[in-house]
Amino acid sequence: AGNWKMNLDHLQATHLVQKLDWSLRDGKHDHGAVEVAVLPPFTDIRSVQTLIDGDRLPLKYGAQDLSVHDSGAYTGEISGAFLAKLGCTYVAVGHSERREYHNETDAVVNAKIKAAYTHGLTPIFCCGEGLEIRQAGEQVAHVLGQIEAGLDGLPAEQAASIVIAYEPIWAIGTGRTATPQQANDICGGVVRQTVRELYGEAVADATRILYGGSANDKNIRELMEQPDIDGALIGGAALKVESYGEMVRVT
Ligand code: 13P
């Protein structure tokens, strides 16, 4: 999934999605094997929907955030109901940039995950530790806490369909990727293991776990070779069709 963050207006979005589709067609990409999704800014979604539906492109799309509320006096907020109406499949929840700049707590993240399911959206639930936590060697406890809090009260069928993205904050937009081993240790040893302890083996097998943080067309292969990494959540490299298309092909 490509998280565009606050980049590209609706015209640029249409161009990028069109080019992405051409690039994947050229590479004979099998969308049944590897799903490709884009998460544009809210104001782009209607245009992306129109293109994808109109041309029947085999791409999924979603939003980068949603409100915990369904509707009402919440100026500037976007309801999951509206995203569902726009045909969104996914919505990112608890991205580290939302946690940092908008003070989203684990409790808010949990409420947003539930709001997503209320409206039939699949959350891409983001977790990950900052540099200080990593340097103190406390990443396992930190991510474990985020996962337990985020999944609190979620039924097994939702835990099976959720997508969880491990994005170490020190690797986001820094060009400093986690090593494949570091990424897999958390994706498998913490994220999948916690899902396993909470819901059992079958659910843990079904949960899709992504790595995010300076993933690019050079390092993606090694990351995707890891047994507990099922895909990637891509920021900067998702804005360049050549890189993103290549990453999809490798995945
Ligand atoms: P970069 O790929 O730009 O490091 O961003 C990762 C990310 O935050 C995706 O959600």
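Residues numbered from 1 in each chain as written. Predicted model: local features only at pLDDT ≥ 70, side-chain atom pairs only at ≥ 80, totals over all residues. Heavy atoms only, no water.

Caption draft 1: Representation of the overall build of the protein within the structure. Counting its regular elements, the protein contains twelve helices and eight strands. For a compact globule of 251 residues, the expected C-alpha radius of gyration is about 18 Å, and the protein comes in at 17 Å, within 12% of that figure. With the C-alpha coordinates aligned to their principal axes, the bounding extent of the protein is approximately 45 × 45 × 35 Å. Taken across its 251 residues, the protein has 51% of its residues classed as buried. (Helix = DSSP H or I, 4+ residues; strand = E, 2+ residues; numbered from the N terminus. Rg over C-alpha atoms; globule rule 2.2 N^0.38 Å. Buried < 20%, exposed > 50% of the residue type's maximum accessible area, 1.4 Å probe, protein only.)

Caption draft 2: Structural context of the side chain of Glu-104. If you trace the backbone, Glu-104 turns up in the loop between helix 4 (96-101) and helix 5 (106-118). Accessibility expressed as a relative area gives 8% for Glu-104, which makes it buried. Within the local environment of Glu-104, its side chain forms a polar contact with the side chain of Arg-98, the two groups lying 3.1 Å apart. Separated by 2.6 Å, the side chains of Glu-104 and Lys-112 make a polar contact. (Polar contact = N/O pair within 3.5 Å; in protein donor to acceptor, adjacent residues only side chain to side chain.)

Caption draft 3: Examining the site of the ligand more closely. In the vicinity of the ligand, the contacting residues are Asn-3, Lys-5, His-95, Glu-167, Ala-171, Ile-172, Gly-173, Gly-213, Ser-214, Leu-233, Gly-235 and Gly-236. Backbone polar atom of Gly-173 to an oxygen atom of the ligand: 2.6 Å apart, as the coordinates give it. Summarising the interface, the protein chains cover 95% of the accessible area of the ligand, which totals 310 Å² for the free molecule. Residue classes in the shell around the ligand are distributed as three nonpolar, seven polar and two charged. (Near = heavy atom within 4 Å. Areas by Shrake-Rupley, 256 points an atom, 1.4 Å probe, with all protein chains shown as cover. Nonpolar A, V, L, I, M, F, W, Y, C, P; charged D, E, K, R; others polar.)

Caption draft 4: The arrangement of the environment of Val-143 in detail. Examined against the element boundaries, Val-143 turns out to sit in helix 7 (residues 139-151). Judged by relative accessible area, which is 0%, Val-143 ranks as buried. Separated by 110 residues in sequence, Val-143 and Ala-33 have C-alpha atoms that sit 29 Å apart. With sequence-adjacent residues up to four places away left out, Val-143 is seen in contact with Cys-127, Gly-128, Glu-129, Tyr-166, Ile-186, Val-190 and Val-191. (Contact = heavy atoms within 4.5 Å.)

Caption draft 5: A look at the sheet that holds strand 6 (residues 163-166). Strand order in the open sheet formed by eight strands is 1-2-3-4-5-6-7-8, and the pairing between neighbours is parallel. Every interior strand has two partners, whereas the edge strands, strand 1 (2-3) and strand 8 (231-233), have only one. Its contacts with the sheet place helix 2 (residues 45-54) against strand 2 (37-39) and strand 3 (60-63), and it is angled at close to 170 degrees to strand 3. The sheet strands contacting helix 7 are strand 5 (122-127) and strand 6, and the helix crosses strand 5 at an angle near 155 degrees. (Pairing = 2+ DSSP bridges. Axes fitted to C-alpha atoms, helices over the stretch in contact; angles between N-to-C directions.)

Caption draft 6: Structural view of the layout of surface pockets. Approximately 490 Å³ is the volume found for the largest pocket. If you trace the largest pocket, you find 20 residues lining it, with Phe-42, Gln-64, Asp-65, Arg-98 and His-102 closest to the centre. Looking at which element gives the most residues to the lining of the largest pocket, the answer is helix 4, with three residues. Size it by volume and the second largest pocket reaches roughly 370 Å³. Lining the second largest pocket are 19 residues, and of these Val-34, Glu-35, Leu-210, Asp-230 and Gly-231 sit closest to its centre. Of all the elements, helix 12 (residues 241-250) adds the most residues to the lining of the second largest pocket, at three residues. (1 Å grid on protein atoms, 1.4 Å probe; cavity = no way out; pocket = protein on both sides within 12 Å on 5 of 7 lines; lining within 4 Å. Points joined across faces, edges and corners; volume = space filled by probe spheres on them.)

Caption draft 7: View of the packing of helix 7 against helix 9 (residues 180-199). At a closest axis distance of 10 Å, the pairing of helix 7 and helix 9 adopts a crossing angle of 40 degrees. One way to sum up the angle between helix 7 and helix 9 is to call them oblique. Of the two possible hands of crossing, helix 7 and helix 9 adopt the one that is right-handed. Touching Gln-139, Val-140, Val-143, Leu-144, Ile-147, Glu-148 and Leu-151 of helix 7 are Ile-186, Val-190, Val-191, Thr-194, Val-195, Leu-198 and Tyr-199, all from helix 9. (Parallel < 35°, antiparallel > 145°, perpendicular 65-115°, else oblique. Left-handed = near helix turned anticlockwise from the far one by under 90°.)

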